[in-house]
Amino acid sequence: MHTIRPAMIEGAEQAPYAERQTASAAATLELDLVETMHEVEAAWKRLEGLSCNSLHQGFDWCKAWFETSGEEPLLLHGRRGNETLFLLPLSLKTRHGIRRAGFPGGRYNNLNTGLFAEDYRPTPDEQRAIVLKLKTLLAGRADMVVLGAVPREWRGHRHPLHSLAVQEHTNHSFQLPLFARFEDTLAQVNAKRRRKKFRVQTRRMEEIGGYDYITPQTPEERHGLLDLFFAQKSTRFRAQGLPDVFADGRVQAFLHRLLDVLPNGSDHPLVLHAIRLRQGGDNDIPAIAGLSRKGDHIICQFGSIDESRVPDTSPGELLFWHMIEEACGQGAALFDFGVGDQLYKRSWCPVETVQYDIVLPVSLKGQLAAQAHTALTRAKAMVKRNPLLYRTLQRIRSAQVTTPSDKDD
């Protein structure tokens, strides 16, 4: 374990007045670089249970990523004495000679917060002090830190590092508040039209023998359905001329590993749901989705459809109807469609969340890379607002081999 304390900050006595003030603002804060997850497991699991902290920084999620990605873990532990104030689990990868630290899971995360004590409210000076200590601690190990897809506010809590979140993330995320009565939930999103569409869908399904809404129960069924999801996504990406972001074996191993994590009450890192046609056999499945749950928050991590089956019934839309109806009956309060601006998300979601990137250069190379990251993020946002240009660039990317180390967060 490596620890940075105020007296260890090189050149502190000669630092400019503003920096000395910042350092004194968090004089009692100690920042440790922890070598293994198990050193802070107890504190980690206490913090991950708070509603203000994302399930993507949960212990099991990060453990699965570290075990399958091959990326180096950097675990930052902020504390005062024996009191844990925050944990920042980071994963280190190198691309084009730049060592970049970010949240484990990278682009496969839909919401990032880090893990902070619920009553921890650092002032802007304290936030800057955290940055100074973080840079000193990571000097020689990382060139830059990018904490991507961080909301400044989440479920009534202002993020403890909100003043550092100045770069808007490429994508926004979309949410549907849930109520105990499914009818009340639908009332937010044109209930009359949705009920009519549901009746049409189910009638068409009955005409071809009917369907079942399923959640596989055995390990064999779960892993078989996940492999079918990968096949469906590969086919769909290929048809659209897009890169297959699930093609890498390490990514597939990561998601398979999450399926094997035992649930904690109603909480689980990944559970699969699907629509299965009754007359087509066990593998006649036109729609699949993967959901995660922590407390009353559900995130749809991914979904796929097989357009060769019942294309006129919108099986993906039908699957969302059943998952959301079930979530209402199970006491969930928020159904999160995750990052990415798509029409089906807007049709379901009255809430849009702006997310931000916290970009912290550590070395000189990192300063240049941070400037490039900011410029690239802005360019991506501009491209995504131009559908024709976006599709053209995606087709160019589809010809490239994609791995976790060269994907954009």
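Residues numbered from 1 in each chain as written. Predicted model: local features only at pLDDT ≥ 70, side-chain atom pairs only at ≥ 80, totals over all residues. Heavy atoms only, no water.

Asks: Could you give me a rundown of the sheet that holds strand S15 (residues 297-305), with the residues and numbers involved?
Replies: Ordered in space as S12-S13-S14-S15-S16-S11-S17, the seven strands form an open sheet in which the pairing is mixed. The sheet is open, and its two borders are formed by strand S12 (211-214) and strand S17 (351-353), each paired with just one other strand. Each adjacent strand pair in this sheet contributes to an overall mean axis angle of 25°, direction not counted. Examined bridge by bridge, strand S13 (residues 268-277) and strand S14 (residues 287-294) share six bridges and lie antiparallel to one another. Residue pairing across strands places Leu 272 opposite Gly 290, the latter belonging to S14. Against the sheet, helix H8 (residues 249-259) contacts S13 and S15, and its axis sits at roughly 95° relative to S13. (Pairing = 2+ DSSP bridges. Helix = DSSP H or I, 4+ residues; strand = E, 2+ residues; numbered from the N terminus. Axes fitted to C-alpha atoms, helices over the stretch in contact; angles between N-to-C directions. Contact = heavy atoms within 4.5 Å.)

Asks: Describe the confidence of the model for the protein, naming the residues involved and giving the relevant values.
Replies: On average, the protein scores 88 in pLDDT, and the residues at 70 or more come to 87%. A low-confidence stretch, residues 401-409 (pLDDT under 50), is modelled with 28 contacts involving residues beyond four sequence positions or located in other chains. (pLDDT = per-residue confidence, 0-100.)

Asks: I'd like to hear about empty space enclosed by the protein, residue by residue, with values.
Replies: What the rule picks out here adds up to four cavities of 30 Å³ or more. In this structure, the largest cavity spans a volume of roughly 90 Å³. (1 Å grid on protein atoms, 1.4 Å probe; cavity = no way out; pocket = protein on both sides within 12 Å on 5 of 7 lines; lining within 4 Å. Points joined across faces, edges and corners; volume = space filled by probe spheres on them.)

Asks: So what about the side chain of Glu 317? Which residues, and what values?
Replies: On the secondary structure map, Glu 317 appears in helix H9 (residues 315-329). Within the structure, the side chain of Glu 317 is placed 2.4 Å from the side chain of Arg 194, a separation counted as a polar contact. (Polar contact = N/O pair within 3.5 Å; in protein donor to acceptor, adjacent residues only side chain to side chain.)

Asks: Please provide a residue-by-residue account of the pairing of strand S18 (residues 355-361), values included.
Replies: The buried count for S18 comes to seven of seven residues, which makes it a mostly enclosed element. Side chains Gln 355, Asp 357, Val 359 and Pro 361 project from S18 onto one buried face, and the interleaved Tyr 356, Ile 358 and Leu 360 project onto a second face that is buried too. Pairing of strand S7 (residues 144-151) with S18 involves six bridges; the strand directions are antiparallel. The partner of Met 144 across the bridge, within S18, is Pro 361. (Buried < 20%, exposed > 50% of the residue type's maximum accessible area, 1.4 Å probe, protein only.)

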